[in-house]
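Coordinates in review
These are the residues of each chain, in order.
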Amino acid sequence: MCGIIGATSSRGVGKILVNGLKKMEYRGYDSAGLVLNQDEAVFQLRTLGKVSNLEELMTKERPKANSGIAHTRWATHGVPSETNAHPHGSNGNIYIVHNGIIENHDELRERLVNEGYEIQSQTDSELIAHLIHFNKEKGKTTLDALIETTKELDGAYSIAVIDTEEKGKIFAAKQKSPLLVGKGIEENFIASDPLAIAGLAESFYLLEDGDFAEITKDEIKIVGSNGEALSREETIIDTSVKEASKDGYKHFMEKEIYEQPQAITNAIEGRTADGEVLDNIFGLGSSEAFKGVKRIQFVACGTSLHAAKTARKWFEELCETPCYIDFASEYRYRNPLVEDDTLFVCISQSGETADTMAALNYAKDEKYLGIVTICNVPTSTMARESDWKIFTNAGPEIGVASTKAFTTQLAALLLLACSISKSKNLNKDKRADAINDLLNTPSLVKESFGLKRHIDEIVEKIADKKNALYLGRGVYFSIAQEGALKFKEITYIHAEAYPAGELKHGPLALVDEMTPVVALAPEDELVEKLLSNLEEVKSRGGTLYIFGNATSKIKIEKGKFMNMPKCGYYNAPIVYTIPLQILAYEVACSIGTDLDQPRNLAKSVTVE
Ligand code: F6R
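Residues numbered from 1 in each chain as written. Predicted model: local features only at pLDDT ≥ 70, side-chain atom pairs only at ≥ 80, totals over all residues. Heavy atoms only, no water.

1. Thoughts on the sheet that holds strand S1 (residues 3-9)
- The eight strands lie next to each other as S3-S2-S4-S1-S10-S9-S11-S14, forming an open sheet whose pairing is antiparallel. Edge positions in the sheet fall to strand S3 (41-48) and strand S14 (234-235), since each of these pairs with one other strand and no more.
- The strands touched by helix H1 (residues 14-23) are S1, strand S2 (31-38), strand S4 (67-73) and strand S10 (187-191); relative to S1, the strand with the most contacts, the crossing angle is about 155°.
- Where helix H2 (residues 51-61) meets the sheet, it contacts S2, S3 and S4, and its direction lies at approximately 140° from that of S3. (Pairing = 2+ DSSP bridges. Helix = DSSP H or I, 4+ residues; strand = E, 2+ residues; numbered from the N terminus. Contact = heavy atoms within 4.5 Å. Axes fitted to C-alpha atoms, helices over the stretch in contact; angles between N-to-C directions.)

Structure representation (C-alpha cells):
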C-alpha cells in the first residue's frame, strides 16, 4: 500500500507534501517521511507513526525547498521504524519513495551488497535507490537509470525519485500501483491519489503501466521504456469533494454508519423508475449484453467479498443464474475453468485493491462475456479497466473499516441482479418486489439506528471478552461474517462467524459463559432451525445477543433480544448489517482503540 506524493514548484513544497500525505493516510499510517531538495541541498525527515508526527517536526524545522517527495507507509518488508520509513537514499543524492512490493528483493539485495552498497533498512524499496545510483554511475541520465532499474524489478511499484544533481526535477515510474501526474500553475505534482493534490492540480495525466515521467515546475514529460515520448490524455478529475470532516461525530466510522440512509439513496437514485430498473445503468450496451449471461463469477476481498456472498441468492432467484465467488487473492491461482457466457464481476470500494485488480487482469485474457466493476471511486483503475461499471456513490469512506461502502455495494448488486433479470426477461414480479424493497431501504436503515440504545446496554458485557461467535443462516451467515470482521478489526477481540447449523460440528466446544454469541434471527424460512441451534448454545451456558423479530420465539435468560424493524425479503440483509456495525463501533469505543485507523491495517490495499 502506502501513499506517495511529489511536488516541484516555484514556491516552497514542504506543507503541500505533508497535507497531501494526510489525505492519503488511508493508504497506510505506520510511518511517514519526506525529502526536500533546494539546489544541491537535501533535507530528509522520517518519523514513526502517523503523518501528524512528521508535521510536528516540520513546524519545528521549517525547511524551505522548491521540490520534494514524501511517503506514508504500510509496512510490508521490515517493521514500522524510522529506518524503514521512506524516502530511502543512495549516496546522498538519489532519493526514492515507493508503493508496491519488489518480489525479487533477496536476489537484488545480494547483488547490491556484492557491489559494495551498504543497505540501511530491511525494506525492498531501498534497493531501488541503490539500483538507480548504480545505473547512473554507468553514465546514464537519471531518467534512463530509472528505466534501466525497473527492468530488473519483479513486482508492483509506483516510484518517485529526486536526484539532487537534477535541480527541480522529479522522476516517476508506474507498474501495477496507482500513480498520476497533476498539472498546476508554475508547479506540477505526482501522487497515488488525485485527492492528495486536490485544489493544486488543474488537470491530471493518469499514468499507465510501463510509463515513466520527468517533471519540472514548467514541464511534464511522459515516456515509455525505450525513452519514446508518449501522449496521455489530459483529464479533469472532480476533486472538489467536501473536505473530509467528522461533522461533530467522534469518528469517521461513526459518521459513515449514520450516513447510510443518504448513501444508499445516492446508490439507487436515477437508476430505477416506475418499479423497474432502468436500461444500461451499467453503461452503454450492458442491457443487451446481459441477455446472454448464463453464469456469474464474483471476485472481491474482505467486506466486498461478503457483499458478493450475500447477493448470490438474489442472482440465483432473480436471474436464475449460478454464481461462483472467489477470494480475489486466490482466484487466478486455481486456474479457473471459465465456461461460456460467464460474466465477471469485481466488487471494490476503492477500485484499486491489488488482489482484485490482478484477478481482473487475469480475467481479461479469459473468455468471459465481459467485466463489470462495482466500486465507489470513479477515477479508479478498476473502473477504467472494465467493460461496464456502476458507482456506489457512497461518498468518500475514510474509516478503515468499511460500513457505507458495504451497504451501498449490496444496493448496487441488487440493481445488477435486477438488470440481468430484466435483460433475460425473467421474474418480473420478484424484480418489482426487489426494487420496492430497495427503495424502502434508507428509511428502514434509519429506523434500525433506534437499536443503539439496546446495544449500549450490552457493550460493557462484551468489551472485556476474548472471543465472540457470530451466527446466522442463509444470507445472514454472510452478514454474520461481515459483523464478525467489523468487530475483530476495530475491537481487536477475536470473532468468528458460523452458519448456525455448523455449530454442533465443532465450534460448540468454544461456547462457555465467557463467549458472547451474537445471532441474526430474521423471520424467514430458516428461523425455526436457527432457534433450535440457539437452544444448543443456551444449554451450554452461552450468552445470546439476538437481533431478530419479536415473533421469533426464544426465551433468553442470559443475554438480550433486540427487536429489528420489519423488513422486506430483499432489504433485510442490508438492514441487519447496521446493528452489527453499531455493536462493533460501540465496543471499540469502550475499549478505546484507534478505530478509524486500527492497528496493522490500511484502507486501500494496493499490494498483493
Ligand atoms: C474491512 C475492509 C476490507 C476491504 C478490503 C477490500 O472493513 O474494509 O476488508 O473491504 O480490503 O477493499 P476494496 O473494497 O477497496 O477492494
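So, next bit.
2. Remarks on helix H3 (residues 105-114)
- Of all the positions in H3, only His105, Leu108 and Leu112 are classed as buried. Projection of H3 onto a plane perpendicular to its axis shows the buried side chains occupying an angular sector of 65°, all on one side. Exposed side chains of H3 directed beyond 90 degrees from the buried face belong to Asp106, Glu107, Glu110 and Asn114.
- Packed against the buried residues of H3 are strand S6 (94-102) and helix H4 (126-137).
- A positive phi of about 100° marks Gly116, the residue just after H3. (Buried < 20%, exposed > 50% of the residue type's maximum accessible area, 1.4 Å probe, protein only. Arc of directions from axis to C-beta.)

3. Description of the packing of H3 against H4
- Contact geometry for H3 and H4: axes closest at 10 Å, N-to-C directions at 50°. Between H3 and H4, the interaxial angle falls into the category oblique. Where H3 crosses over H4, the handedness of that crossing is left-handed. Of the residues in H4, those touching H3 at His105, Leu108, Arg109, Arg111 and Leu112 are Leu127, His130, Leu131 and Phe134.
- Counted by class, the contact of H3 with H4 contains five nonpolar, two polar and two charged residues. (Parallel < 35°, antiparallel > 145°, perpendicular 65-115°, else oblique. Left-handed = near helix turned anticlockwise from the far one by under 90°. Nonpolar A, V, L, I, M, F, W, Y, C, P; charged D, E, K, R; others polar.)

4. Details of the pairing of strand S20 (residues 370-375)
- Judged by how many residues are buried, S20 sits mostly within the fold: six of six residues are covered.
- Burial of S20 is two-sided: the residues Gly370, Val372 and Ile374 facing one way and the residues Ile371, Thr373 and Cys375 facing the other way are all buried.
- The pairing of strand S19 (residues 342-348) with S20 spans six bridges and is classified as parallel. Counterpart to Leu343 in the pairing with S20 is Gly370.
- Crossover connection from S19 via helix H11 (residues 354-364) to parallel S20: handedness right-handed. (Right-handed = clockwise from strand over helix to strand, strands pointing away.)

5. Concerning the site of the ligand
- The environment of the ligand is formed by 15 residues, the closest being Ser304, Ser348, Gln349, Thr353 and Glu489.
- In this structure, an oxygen atom belonging to the ligand sits 2.7 Å away from a side-chain N or O atom of Ser350.
- Residue Ser402 places a main-chain N or O atom 2.9 Å away from an oxygen atom belonging to the ligand.
- Coverage of the ligand by the protein amounts to 90% of the 410 Å² it exposes when considered alone.
- Put simply, the parts of the chain that give the shell around the ligand at least two residues each are helix H9 (302-318) and helix H16 (475-491). (Near = heavy atom within 4 Å. Polar contact = N/O pair within 3.5 Å; in protein donor to acceptor, adjacent residues only side chain to side chain. Areas by Shrake-Rupley, 256 points an atom, 1.4 Å probe, with all protein chains shown as cover.)

6. Regarding the domain arrangement of the chain
- Considered domain by domain, the chain is made up of domain 1 (3-235), domain 2 (252-426) and domain 3 (452-591).
- Here the C-alpha centroids of domain 1 and domain 2 sit 33 Å apart.
- Listed by partner, the interface residues are four residues for domain 1 and four residues for domain 2.
- Summing the contributions of domain 1 and of domain 2, the shared interface buries around 430 Å²; its carbon and sulfur component is 65%.
- Along the contact surface separating domain 1 from domain 2 lie zero residue pairs in polar contact (both at pLDDT 80 or more).
- Classifying every residue of the side of domain 1 that touches domain 2 by side-chain character gives four nonpolar, no polar and no charged. (Domains from an automatic or database assignment. Buried area = accessible area lost by both parts, 1.4 Å probe.)

7. Concerning the layout of surface pockets
- Of the voids in this model, the largest pocket is the one considered here, and its volume is about 1,200 Å³.
- Lining the largest pocket are 50 residues; nearest its centre among them are Tyr26, Asp193, Leu195, Pro396 and Ile398.
- Secondary-structure elements contributing two or more residues to the lining of the largest pocket are H1 and helix H12 (381-385).
- Of the residues belonging to the lining of the largest pocket, the class tally is 20 nonpolar, 13 polar and 17 charged.
- Two domains each donate at least three residues to the lining of the largest pocket, and these are domain 1 (3-235) and domain 2 (252-426).
- Of the volumes computed, that of the second largest pocket is approximately 720 Å³.
- Looking at the second largest pocket, it is lined by 30 residues, and the ones nearest its centre are Lys174, Lys176, Asp209, Met357 and Thr381.
- Put simply, the parts of the chain that give the lining of the second largest pocket at least two residues each are strand S7 (155-163), H11 and H12.
- The biggest single contributor to the lining of the second largest pocket is H11, with four residues.
- Among the residues forming the lining of the second largest pocket, the class breakdown is eleven nonpolar, seven polar and twelve charged.
- Composition of the lining of the second largest pocket by domain shows at least three residues from each of domain 1 (3-235) and domain 2 (252-426). (1 Å grid on protein atoms, 1.4 Å probe; cavity = no way out; pocket = protein on both sides within 12 Å on 5 of 7 lines; lining within 4 Å. Points joined across faces, edges and corners; volume = space filled by probe spheres on them.)

8. Observations concerning the nonpolar core
- Phe298, Phe315, Leu413 and Tyr470 are the most contacted members of the largest nonpolar core, which has 86 residues in total.
- Per element, the largest residue contribution to this core is twelve residues, and it comes from helix H18 (residues 572-591).
- Split by domain, this core shows at least three residues from each of two domains, domain 2 (252-426) and domain 3 (452-591).
- Setting aside residues no more than four positions away along its own chain, Phe298 makes contact with Ala308, Phe315, Cys323, Tyr324, Ile325, Asp326, Val345, Ile347 and Leu413. (Core = buried A, V, L, I, M, F, W, Y, C linked by side-chain atoms within 4.5 Å.)

9. A short note on empty space enclosed by the protein
- Counted under the stated rule, the structure contains three cavities of 30 Å³ or more.
- Its boundaries defined by the atoms lining it, the largest cavity holds a volume of some 50 Å³.
- Along the lines of polarity and charge, the residues of the lining of the largest cavity split into two nonpolar, six polar and two charged.
- Reported here for the second largest cavity is a volume of approximately 40 Å³.
- Lining of the second largest cavity is provided by Arg473, Tyr476, Leu520, Ala521, Pro522, Asp524, Leu526, Val527 and Leu530.
- Of all the elements in the fold, those that place two or more residues in the lining of the second largest cavity are strand S24 (516-521) and helix H17 (527-539).
- Residues of the lining of the second largest cavity, tallied by class, amount to seven nonpolar, no polar and two charged.

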